[in-house]
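As a plain string of letters, each chain reads:
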Amino acid sequence: MVTMPLRAMESWMAGSHRRLGGGKRAQVRRSIAAISLALLPAPFQAATAQAQSAPSTGTPSAVPSHALVSPDGGRAVWAKEDGTGFWLAERAAPSSGWGQPRSLLSIRGAVRNPVFSPDGQRLAFENPRGGQATGSFGPSRHHVWGFIAVYDFASRRISYVNPSFASDSAPVWSADGEGISYIRRAEGMADQPLTSPVPHANVPAGALSSLGKRSSLEAMLAAPILYQPAKSADGRSIAFVAREGRERAVYFARLGQKVRRVAEYNDDDGQELKQVALSRDGSLLAYQRGGPVNAKGQVPNPRSLAEEPQSQVWLVDTSGASAPRLLGIGNSPQFSPDDRSILWSTDRGVMNARLVQRPGARSAGPAELLLPGPASRLRFSPAGDKIAYERSGNVEIFDLANGALWSVPRPATASDGRPVWAPDGKSLAFIRLSGPQPALTGSGYAGEFVAKEPWSIWTADVASRGSKLIWKAEPGIGSAFYPLDEDATGSGKQGDQLFWSVSGDIAFVWERDGWRHLYSVSEDGGEARLLTRGEGEVEAAELSADGKHIVFSSNIGDLDRRHVASVAAGGGAVRKLTGGRFSQWGATPLADGALAYIEAGWANPPAVMLRSSEGKTISAGGPSLPPGYPASAMVEPQAVQFPGTDGRLAYGQLFVPSKPSGCGIIFVHGGIRRQMLLGFHYKDVYSNLYELNQYFASRGCAVLSVEYRSSIMRGYEFRNAPGWGDAGASEYLDVMGGANYLKTRPETGVRKIGIHGLSWGGYITAQALARNSDLFSAGLDMAGVHEFLGNGFKHSPAAFVDRWRSPVYLAFGDDDRNVDFNQGIQLANALRVKQPDVEVVTHVIPNETHDMYLTFENLVNLYQAGGDFLLQKLK
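Conventions adopted
Residues numbered from 1 in each chain as written. Predicted model: local features only at pLDDT ≥ 70, side-chain atom pairs only at ≥ 80, totals over all residues. Heavy atoms only, no water. Disulfide = S-S within 2.5 Å. Helix = DSSP H or I, 4+ residues; strand = E, 2+ residues; numbered from the N terminus. Buried < 20%, exposed > 50% of the residue type's maximum accessible area, 1.4 Å probe, protein only. Pairing = 2+ DSSP bridges. Axes fitted to C-alpha atoms, helices over the stretch in contact; angles between N-to-C directions. 1 Å grid on protein atoms, 1.4 Å probe; cavity = no way out; pocket = protein on both sides within 12 Å on 5 of 7 lines; lining within 4 Å. Points joined across faces, edges and corners; volume = space filled by probe spheres on them. Nonpolar A, V, L, I, M, F, W, Y, C, P; charged D, E, K, R; others polar. Salt bridge = Lys/Arg side-chain N within 4 Å of Asp/Glu carboxyl O. Contact = heavy atoms within 4.5 Å. Polar contact = N/O pair within 3.5 Å; in protein donor to acceptor, adjacent residues only side chain to side chain. Parallel < 35°, antiparallel > 145°, perpendicular 65-115°, else oblique. Left-handed = near helix turned anticlockwise from the far one by under 90°. Expected span 1.5 Å × (residues − 1).

A. Looking closely at the state of the cysteines. With the rule as written, the count across this model stands at 1 disulfide. The residue that forms a disulfide with C663 is C701, at a sulfur-sulfur distance of 1.7 Å. Residues C663 and C701 are joined by a disulfide whose S-S torsion is about -110 degrees; by sign, that bridge is left-handed. Of this pair, C663 sits in strand β47 (residues 663-668) while C701 sits in strand β48 (residues 701-707), and the two are 38 residues apart along the sequence. The residues C663 and C701 share a single accessibility class, namely buried.

Here's what the structure looks like:
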């Protein structure tokens, strides 16, 4: 195997250093250090870690004269040169010398004006941020905001004093150390002196179970959330990630054995577990810990850890013989077909480590750079001697034996991707997009979802290095590529769009008839054959273990749920594998015709199920329900239809409370390309929001979850309704229709209506409160878009602020990579200036991302406070 040694990797990365931003440079340095440490034999790791903590060339050698000294004289702190953290030096007594300085903390934004608490055990400081975009959907202005942060020396955690959309400065401790006074500055408001209690970093805030009785909402939110099962190449092992309240864990089982945890993290630090991979025989398991980086190279840090987290690849022996072991910085681990090595991706290339037998357990040897430069969707050939992957719009093939690299030729205006190997490994298939393609998501458009140049499927022969067209979509509907959802549960999986069967047929999805159905074409080319029929769409698919069938999840025949079925790649009758009043997704074909999948109902949280080839179904085991889970308080939602205010048909799920109290709530999903189900959802955030809807129903509110135009799984025409978003906000007509419908249902007794939603749902919530405060009495707006730029402004909530009268609970995470945090500041400022009498409650979570759920504490606090605000205004 041709690889690059670690020393050469360091040299190569150093040569690329000057092209990277500061955050990326730091990440590369940490990556090299972490890989070097993790790959040493265990006895040497502790000594090496101690050596690495010794002073580096960037660490100051002495305490500067401007350093701030604690009241007891034992600590000195001063800002780092780049202003993103503090140095710390300590001494045993005021008369003794200072120890070697070390890094105290690093933080998003900057640090300034540090102040010790009276006892010297905490450090308050200004943490200014902003002046730039945090994510997409940025408003017309980039604002400056800032927090008062508090570092606790005992817990080594950072907390924030009453964070908001404003800029806070000048912290002053109270004499007892329990409060901090500061100045708050915001647009349209005179400087405001405030005093707030100091949150304790080691004690969760809010009504969490550690502080007393568990609330019914917290108990629901603690229900397990499960992610797409992974399988070993022999089809006899499965593994999956579970989130259980404060805990995250990886579960594993060989078929016929009990599921058990092989990795667990119980401190609610907000670091996600993703991209589980299994070796061929299931003896080794790899996974990613930590989320993706933002524009500054920072991994999400919602727990505000003083040492910034990283995206890491871990390896564990599934026998339980050893604890998980860090491989290095990166993501997307996968094992070679022969189980001799493991690969993973980094910002600067693909790493490779040989798998070795060590005393008591298998593990990985030294890491080497296998393939410089970014590469994605790595696919081993069946024999394991080559890798196909995507890079910069090209499909490339790398020969592991001799290092030869071939990039499949393409026109300059085309983009190639989604490579899959033929069963014999002699060729591969890929998708070619020619010319500009319409966007799948984002702001609205008035035209159709069609491409000027239709997409096509090609094959490439490895030996001759020739490629040929085998199928091309027809003009019109279906000419633009509308892909499967490769990662419906958010597990980090990179699935396939093409499925090359042993019969020589290549299956794919196409919406030529207005529905996303499965088709297949011969590997030699020809006409496409329709494999699935009927109203409904195929959402996700996998090739069966024997390579003969396509196993897929869809809503065909049951538009409001998901079920699993299979069909031969060459055509034939569709075989239903699951059904009923529950939904099933995450289909994972196993050996001997067995199947793993996830199932959930309206009061039954997601669970992994195993189905034998004979159709016998059992639970795979794993997480259990939390104490106090209120299944008896939950109601079964009803599938409903109603007209929008323009007469077009819309859909939804209606929650009728057992004891109506006269309040009604409209829920609007985000996405915008989403569909809600009649129960728990496959996406974690929508399971959380489903539980919030159940909480509202348990408090006597009728809830209508509106499936508005431009939602998915109801065909081309509904998904591509004209004028949605910044092209006209036509989806709001369905939301208005839903509110009118809710008032007409006699069993609900609705007198007052509120609205809530996240992301695009937050945008629609703001639309409702700005346009129709006469109908919507209050709203919970989470991470919403509030201002479109250019011609779209006239359709955004910001254009209607002058009509806004209803109270609103406005929530945002300030590390939102989807909707710019400035959107929240913009709306808060606009309401303060133009509508000073409107009640606005703000909930800002420093370092949280878009869905505001990375820690269970943040999730519960937001949903409890925001939900109770809505209930108070409506009841």
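B. Focus on the sheet that holds strand β22 (residues 341-346). If you trace the 4 strands from one edge of the open sheet to the other, you get β21-β22-β23-β24, paired in antiparallel fashion. The strands lining the two open edges of the sheet, one partner per strand, are β21 (331-335) and β24 (361-372). Averaged over all pairs of adjacent strands, the angle between strand axes in this sheet comes to 25 degrees, irrespective of strand direction.

C. Layout of empty space enclosed by the protein. Applying the stated criterion across every chain yields a total of 5 cavities of 30 Å³ or more. When its volume is computed, the largest cavity comes out at roughly 80 Å³. Every residue lining the largest cavity is listed: S106, I107, R108, I158, Y160, Q298, V299, N301, S304, L305, E308 and N847. Tallied by class, residues from the lining of the largest cavity come to 5 nonpolar, 5 polar and 2 charged. Counted as a void, the second largest cavity has a volume near 70 Å³. Lining the second largest cavity are Q653, F655, F667, M676, L677, G679, H681, Y686, L689, Y690, N693 and S705. Broken down by secondary-structure element, the contributors of at least two residues to the lining of the second largest cavity are β46 (649-655) and α5 (684-698). Considering each element in turn, the lining of the second largest cavity owes the most residues, 4 residues, to α5. Residue composition of the lining of the second largest cavity, by class: 7 nonpolar, 5 polar and no charged.

D. View of the pattern of salt bridges. Counted according to the given criterion, the structure contains 43 salt bridges. With a closest N to O distance of 3.1 Å, E390 and R377 form a salt bridge. Of this pair, E390 sits in strand β26 (residues 386-391) while R377 sits in strand β25 (residues 376-380), placing them 13 residues apart in sequence. Given the relative accessible area of 16%, E390 is considered buried. On the accessibility criterion, R377 (12% relative accessible area) is buried. Of the charged contacts in the structure, one is a salt bridge between D734 and R709, with a shortest N-O distance of 2.7 Å. Of this pair, D734 sits in helix α7 (residues 731-744) while R709 sits in the loop between β48 and α6 (716-719), and the two are 25 residues apart along the sequence.

E. Summary view of the sheet that holds strand β1 (residues 68-69). The strand order β1-β2-β3-β4 describes an open sheet built from 4 strands, whose pairing is antiparallel. The outermost strands of the open sheet, each flanked by one partner alone, are β1 and β4 (102-106). In this sheet, strand β3 (residues 85-90) lies alongside strand β2 (residues 75-79) in antiparallel orientation, the contact comprising 5 bridges. Note that in β3 the partner of A79 across the bridge is F86.

F. Layout of the environment of D191. By secondary structure assignment, the location of D191 is in strand β11 (residues 189-197). With a relative accessible area of 41%, D191 lands in the partly exposed category. Separated by 23 residues in sequence, D191 and D168 have C-alpha atoms that sit 9.7 Å apart. Ignoring sequence-local partners within four residues, the contact set of D191 consists of I183, R184 and R185. Looking at D191, its side chain comes within polar contact range of the side chain of R185, at 2.7 Å.

G. Layout of the pairing of β21. In the sheet, β21 pairs with β22 via 3 bridges, with the strands oriented antiparallel. Each residue of the ladder has a partner; that of Q334, found in β22, is L343.

H. Representation of the packing of α7 against helix α8 (residues 760-771) in the model. The N-to-C vectors of α7 and α8 enclose an angle of 65 degrees; their axes lie 11 Å apart at closest approach. Accordingly, the angle class assigned to the pair α7 and α8 is roughly perpendicular. Seen along the crossing, α7 lies across α8 with a hand that is right-handed. Along the contact surface, α7 presents E731, Y732 and V735, while α8 presents W760, Y763, I764, Q767, A768 and R771. Split into classes, the residues belonging to the contact of α7 with α8 amount to 6 nonpolar, 1 polar and 2 charged.

I. Local environment of the pairing of β2. The buried fraction of β2 amounts to 4 of the 5 residues, a majority that puts the element mostly inside the structure. By the bridge criterion, 2 bridges tie β1 to β2 in an arrangement that is antiparallel. Each residue of the ladder has a partner; that of L68, found in β2, is V77. Counting the residues in the hairpin turn of β1 and β2 gives 5 residues, including G73, whose phi is positive at 80 degrees. Between β2 and β3, which pair antiparallel one after the other, the connecting turn spans 5 residues, and G83 there sits at a positive phi close to 75 degrees.

J. Here's a closer look at α8. The terminal C-alpha atoms of α8 lie 16 Å apart, and with 12 residues this matches the ideal 16 Å at 1.5 Å per residue to within 8%. A large share of α8 lies buried, amounting to 12 of its 12 residues. The elements touched by buried residues of α8 are β47, α7, β49 (752-758), β50 (776-782) and β51 (808-813).

K. Highlighting the packing of α5 against helix α10 (residues 856-874). Remark: α5 packs on α10, axes separated minimally by 11 Å, with the N-to-C direction vectors making an angle of 35 degrees. Crossing hand, α5 versus α10: right-handed. Residues V685, N688, L689, L692, Y695 and F696 of α5 form the contact with α10, whose own contacting residues are L859, Y863, Q864, G867, D868, L870 and L871. Classifying every residue of the contact of α5 with α10 by side-chain character gives 9 nonpolar, 3 polar and 1 charged.

L. Inspection of the side chain of N127 at higher detail. Relative to the helices and strands, N127 resides in strand β6 (residues 122-130). Of note is the side chain of N127, whose polar atom sits 2.9 Å from the backbone oxygen of R108. If we skip the residues at most four places from it in the chain, N127 touches I107, R108, G109, A110, G146, F147, A149 and Y160.

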